[in-house]
Amino acid sequence: MILLKSSREIEHMRAAGRILGEVKARLKALVRPGASTKDIDEDIEAFIVGKGAAPAFKGYRGYPATVCASINDEVVHGIPSAKRKLKDGDIIGLDLGCIVEGYYGDCAITLPVGPVPERVQELLDVTRESLDKAIVQCRAGSRIGDISYAVQAHCESHGFGVVRAFVGHGIGRALHEEPQVPNFGEAGRGPVLKAGMVLAIEPMVTMGSWEVRVLEDGWTAVTVDGSLAAHFEDTIAITANGPEVLTRTAG
Ligand code: MF3
Ligand code: CO
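Residues numbered from 1 in each chain as written. Chains lettered and ligands numbered in written order. Predicted model: local features only at pLDDT ≥ 70, side-chain atom pairs only at ≥ 80, totals over all residues. Heavy atoms only, no water.

When you go through the protein chain residue by residue, the secondary structure sums to four helices and 15 strands. Relative to the compact-globule value of 18 Å for 251 residues, the protein chain shows a C-alpha radius of gyration of 17 Å, a close match. Seen through its C-alpha atoms, the protein chain measures out along the principal axes to roughly 45 × 45 × 35 Å. Looking at the protein chain residue by residue over its 251 residues, the buried ones come to 53%. Of all intrachain contacts in the protein chain linking residues separated by at least 6 positions in sequence, the fraction that spans at least 24 positions is 70%. Accessible surface for the protein chain amounts to roughly 10600 Å². Of this, 51% is attributable to carbon and sulfur atoms. (Helix = DSSP H or I, 4+ residues; strand = E, 2+ residues; numbered from the N terminus. Rg over C-alpha atoms; globule rule 2.2 N^0.38 Å. Buried < 20%, exposed > 50% of the residue type's maximum accessible area, 1.4 Å probe, protein only. Contact = heavy atoms within 4.5 Å. Areas by Shrake-Rupley, 256 points an atom, 1.4 Å probe, with all protein chains shown as cover.)

Below you can see the structure in the form of structure tokens.
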């Protein structure tokens with residue numbers, strides 16, 4: 001069942017999303033050569049708790065940290081570690097979540113560490129653009145397949161691979177609610193969008209094949225072919241006036 005949120009519920013999710021928007025702004029300074037993914041995790045946990053919110057991922061199915069930090073061929077769910085230090089030329093995906101008054105916000109961004117080759121920057125740009133194209137589809141009367149198709153068509157037209165094994169999701173009082181939001185599929189198919197739905201849309205896109213596998217730690221998903229991967233995510237409320245992105249700050 002797809003749960004519709006009241007304006008009071010969306011207000012809590014807006015508050016959670018606002019905190020995550022501020023976290024994204026902090027990342028510009030936190031993501032630099034020599035920083036460990038544990039350093040980044042600790043800073044963000046302190047920031048979220050300082051805002052009176054709670055980390056959303058810590059303890060979720062036993063996940064041990066506040067953020068997921070996925071470097072280069074790691075697609076999603078990389079576990080922060082003091083031993084893993086960023087270096088120039090890396091790309092790092094950071095998945096961020098928090099809870100306010102029992103309501104979740106969820107977003108992700110992939111950043112370059114120093115300069116990266118042109119095709120790698122293109123991977124980041126095209127993945128972010130595919131999320132923007134998906135958000136445009138978030139109107140009452142459209143279908144989940146319209147979102148899926150918008151992501152897949154944009155990424156594949158630029159020669160990138162779209163990951164199948166993980167999908168976006170409804171979000172509210174739980175991190176993962178119905179419906180699933182695949183990043184591949186046919187326009188005009190799937191559940192009809194209604195005002196009051198809140199979706200986390202999260203394209204995961206690679207420079208090569210879409211196939212992924214999970215490492216022995218039980219969490220870190222990597223590309224099977226070792227190609228680089230990018231991940232962007234926002235939490236979006238579908239309103240009578242169209243999409244409202246909850247996890248971005250102005251500017
Ligand atoms: N954005 C991710 C998701 O929606 C965050 C989950 S990480 C986990 O699945 F550790 F909480 F699983
Ligand atoms: Co998510």
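So, about the site of ligand 1. Looking at ligand 1, there are 13 residues lining it, with Asp95, Asp106, His169, His176 and Glu233 nearest. Interatomic distance of 2.9 Å between a side-chain N/O atom of His176 and an oxygen atom of ligand 1. Contacts to ligand 1 include Glu202, whose side-chain N or O atom sits 3.1 Å from an oxygen atom. Protein coverage of the free-state accessible area of ligand 1, which is 330 Å², stands at 95%. Looking at the shell around ligand 1 residue by residue, the classes come out as six nonpolar, three polar and four charged. (Near = heavy atom within 4 Å. Polar contact = N/O pair within 3.5 Å; in protein donor to acceptor, adjacent residues only side chain to side chain. Nonpolar A, V, L, I, M, F, W, Y, C, P; charged D, E, K, R; others polar.)

With respect to the secondary-structure elements, Arg8 resides in helix α1 (residues 7–30). When its relative accessible area of 51% is taken as the criterion, Arg8 is described as exposed. With 91 residues separating them in the primary sequence, Arg8 and Ile99 have C-alpha atoms 15 Å apart.

The quantities given are spatial measurements derived from coordinates; they are silent on function.
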